[in-house]
Each structure stands twice: as structure tokens, then as C-alpha cells.
Amino acid sequence: MENRKIPAHIGIIMDGNGRWAKQRNLPRSEGHKAGAKVFKQICDYAGEIGIKCITFYAFSTENWRRPPEEVQALMDLFREYMGEAQERQEENLQKGMRMHFIGHREGIPDDLNELFDTTEEESKDADKYDVNIAINYGGRLEILDGFKKIAADVKDGKINPEDITEQMISDHLYTAGEPDPDLIIRPSGEYRLSNFLIWQSAYSEFWFSDILWPDFTPADLDKAIDDFNNRNRRFGGV
Ligand code: FPP
């Protein structure tokens, strides 16, 4: 689409890896591996087309309930990616990719938390776009974490309860300082938010598709953006 508006922030729920693997008689971990390749491709493409912020839902607070071998395979994939990100530090900096790991850090293996910190530190001067990877992320837990910080400020007398604003709550979330998502994409034929960016998505547009995440292509992202351009966003007005 000519002259299309690029959403400032896109959220993506990377769903359907397990079904993709099942269709091919492969273990679920192979679906996640294929999904990780697509994640990298879409991450690069987002920068190329000028998206300023993109958030990928990689592991939810509920995903710990999966069989231990699947959890292990996902953690190994994250480690592998972090290793690659460090090898390609220069390349990623040139691409302008600033990485953030959003989620509840407690519960994540220590070595992974350290890799998250190093990757964030090494990419902090990149200035083209922000890439959030949500790991051990839950929207309700994010709000709860923020609330605890605000409550502590109230207890310490730094703020009065009546001075708490919506902006203050936004500023205490993992996505502080980033725009709310304009568009949330969920492939794999599921029509729910699954605790993803629940505060931030108050006015987001949603794009659903039956494509399984490992089959998702840059052309699908373009299609979602084109459809977004045909939406009439009124933000409660007329
Ligand atoms: C949901 O599909 C997907 C996940 C729980 C994992 C998503 C993670 C990745 C794509 C890897 C990302 C990698 C990096 C490095 C960030 P599902 O397993 O629930 O699929 P199903 O509903 O078909 O079973």
C-alpha cells in the first residue's frame, strides 16, 4: 500500500509452533526452533520498514506449566539467541536494534538473566528501534509489580494516593517510555490476548490469522499493516 502509516508499536503473540511441528510429525521443540528463525526475520524486517517498537511474546508466566523438556528447549533457544546476539553485536547495532527483556526476572535461570542484562547493555546505544522480548511475562503480574512500586512510594510519603495517574501506572510497567501498541497480531487461529500487554492494549487494533507462527512471513506483516491502515481509530471519539 502506497503511503501507508507504519504503526509505532506492534505486539506479536508468536503462537502455533506446536501445531506446526505436529503437522510434520516433529517434536514440539522443532516448532519452537522454526519459530525462533521467523522471530529473527520479522525482527529485522520490522526495522527495515521503520517500526519504532516491536514486542514479541516468547514465554508467558503460564508457560512454566508445560512439560519440563519443552521449557528446557525454549530456555536453550533463548540462550542460543543471546549468544548469537553477542556475536552479531556490531551488526545489530548497525541495524539500530535496542533490546529489552520484559517480564518478571525472578524465576528465570540466573545465567539467562545475566545474558539479558549483557544484551540490553550492549545494545543500549542503538537508536533506530526498540525490540522487546517478553519472557516470563504476564500482563497482570506486570501491573502488580508496578503497583507494588507505587504503593511503596505512597508508604514512603513520596506521593499521595489521589495523585496517582494513568500515566504514572504506564510509567511503572516494563514498557515504560514506549508508546502503547497500535496493533497486536496473533496468528494460529486463536482469538484472545492471553495476558499480553493488557494495560497497554486498551486502544490497540487486533489482527488475527490462521497462519501458524513458523509459517509467518514479512508479507504477512505487511498485510497486517495494510489492514491496520484501513481501520478507523476513534479512541472513544466520533
Ligand atoms: C506458542 O506456541 C509459542 C510459545 C510458547 C513459544 C514462542 C517462542 C518462540 C517462537 C521462540 C522465540 C525465540 C526467541 C529467541 C525470542 P505453542 O507452542 O503454544 O503452539 P501450539 O498452540 O500450536 O501448541
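Let us look at the structure shown here.

Calculation criteria
Residues numbered from 1 in each chain as written. Predicted model: local features only at pLDDT ≥ 70, side-chain atom pairs only at ≥ 80, totals over all residues. Heavy atoms only, no water. Helix = DSSP H or I, 4+ residues; strand = E, 2+ residues; numbered from the N terminus. Buried < 20%, exposed > 50% of the residue type's maximum accessible area, 1.4 Å probe, protein only. Contact = heavy atoms within 4.5 Å. Core = buried A, V, L, I, M, F, W, Y, C linked by side-chain atoms within 4.5 Å. Polar contact = N/O pair within 3.5 Å; in protein donor to acceptor, adjacent residues only side chain to side chain. Pairing = 2+ DSSP bridges. Axes fitted to C-alpha atoms, helices over the stretch in contact; angles between N-to-C directions. Salt bridge = Lys/Arg side-chain N within 4 Å of Asp/Glu carboxyl O. Expected span 1.5 Å × (residues − 1). Parallel < 35°, antiparallel > 145°, perpendicular 65-115°, else oblique. Left-handed = near helix turned anticlockwise from the far one by under 90°. Nonpolar A, V, L, I, M, F, W, Y, C, P; charged D, E, K, R; others polar.

This part takes up the environment of Ala-134. When you line up the elements, Ala-134 lands in strand β4 (residues 129–137). Residue classification places Ala-134 among the buried positions, given a relative accessible area of 0%. For Ala-134 and Ala-202, which are 68 residues apart along the polypeptide, the C-alpha to C-alpha distance reads 18 Å. Excluding anything up to four places from it in sequence, Ala-134 contacts Phe-56, Tyr-57, Ala-58, Phe-59 and Ile-102.

The next point concerns the nonpolar core. With 42 residues, the main nonpolar core has Ile-54, Phe-56 and Leu-221 as its most contacted residues. In contact with Leu-221, other than residues within four places in its own chain, are Ile-10, Ile-42, Tyr-45, Ile-49, Ile-51, Ile-185 and Phe-216. One finds Ile-13, Tyr-57, Ala-134 and Tyr-137 within the second-largest nonpolar core, a separate group that totals eight residues.

The next thing to look at is the side chain of Asn-195. Looking at where Asn-195 falls in the secondary structure, it is placed in the loop between β5 (183–186) and β6 (205–208). Within the local environment of Asn-195, its side chain forms a polar contact with the backbone nitrogen of Arg-140, the two atoms lying 2.9 Å apart. Setting aside residues up to four positions removed in sequence, Asn-195 forms contacts with Tyr-57, Thr-61, Glu-62, Tyr-137, Gly-138, Gly-139 and Arg-140.

In space, the six strands of this open sheet follow the order β3-β4-β2-β1-β5-β6, with parallel pairing throughout. With partners counted over all chains shown, the strands left at the sheet margins are β3 (97–102) and β6, one partner each. Along the sheet, successive strands turn relative to each other by an average axial angle of 20°, direction set aside. Inspection of the sheet shows strand β2 (residues 53–60) paired to β4 by seven bridges, in the parallel sense. Across the sheet, the residue bridging to Cys-53 is Asp-130, located in β4. Of the strands in this sheet, β3 and β4 are in contact with helix α5 (residues 110–123), which crosses β3 at around 150°.

Bringing the pattern of salt bridges into the picture now. In the structure shown here, the tally under the stated rule is 23 salt bridges. Put simply, Arg-19 and Asp-15 hold a salt bridge, and the shortest N to O gap is 3.6 Å. Judged by relative accessible area, Arg-19 falls into the partly exposed class, the value being 34%. Between Glu-121 and Lys-124 there is a salt bridge, and its shortest N-O distance comes to 3.1 Å.

Now for helix α2 (residues 28–48). The end-to-end C-alpha distance of α2, which contains 21 residues, comes to 31 Å, matching closely the 30 Å that a straight helix rising 1.5 Å per residue would cover. Along α2, the positions that sit buried rather than exposed are Gly-31, His-32, Ala-34, Gly-35, Ala-36, Val-38, Phe-39, Ile-42, Cys-43, Tyr-45, Ala-46 and Gly-47. A positive phi of about 90° marks Gly-50, the residue just after α2.

Relative placement of two packed helices is described by the angle separating their axes and the distance separating the axes. Where α2 meets helix α3 (residues 68–87), the axes come as close as 10 Å, and the angle between the chain directions of the two elements is 30°. If you check the angle between α2 and α3, you find them roughly parallel. By crossing handedness, the relation of α2 to α3 is classed as right-handed. Contacts from Arg-28, Ser-29, His-32, Lys-33, Ala-36, Phe-39 and Lys-40 of α2 reach α3 at Glu-70, Ala-73, Leu-74, Leu-77, Tyr-81 and Glu-84. Taken together, the residues that form the contact of α2 with α3 break down as six nonpolar, two polar and five charged.

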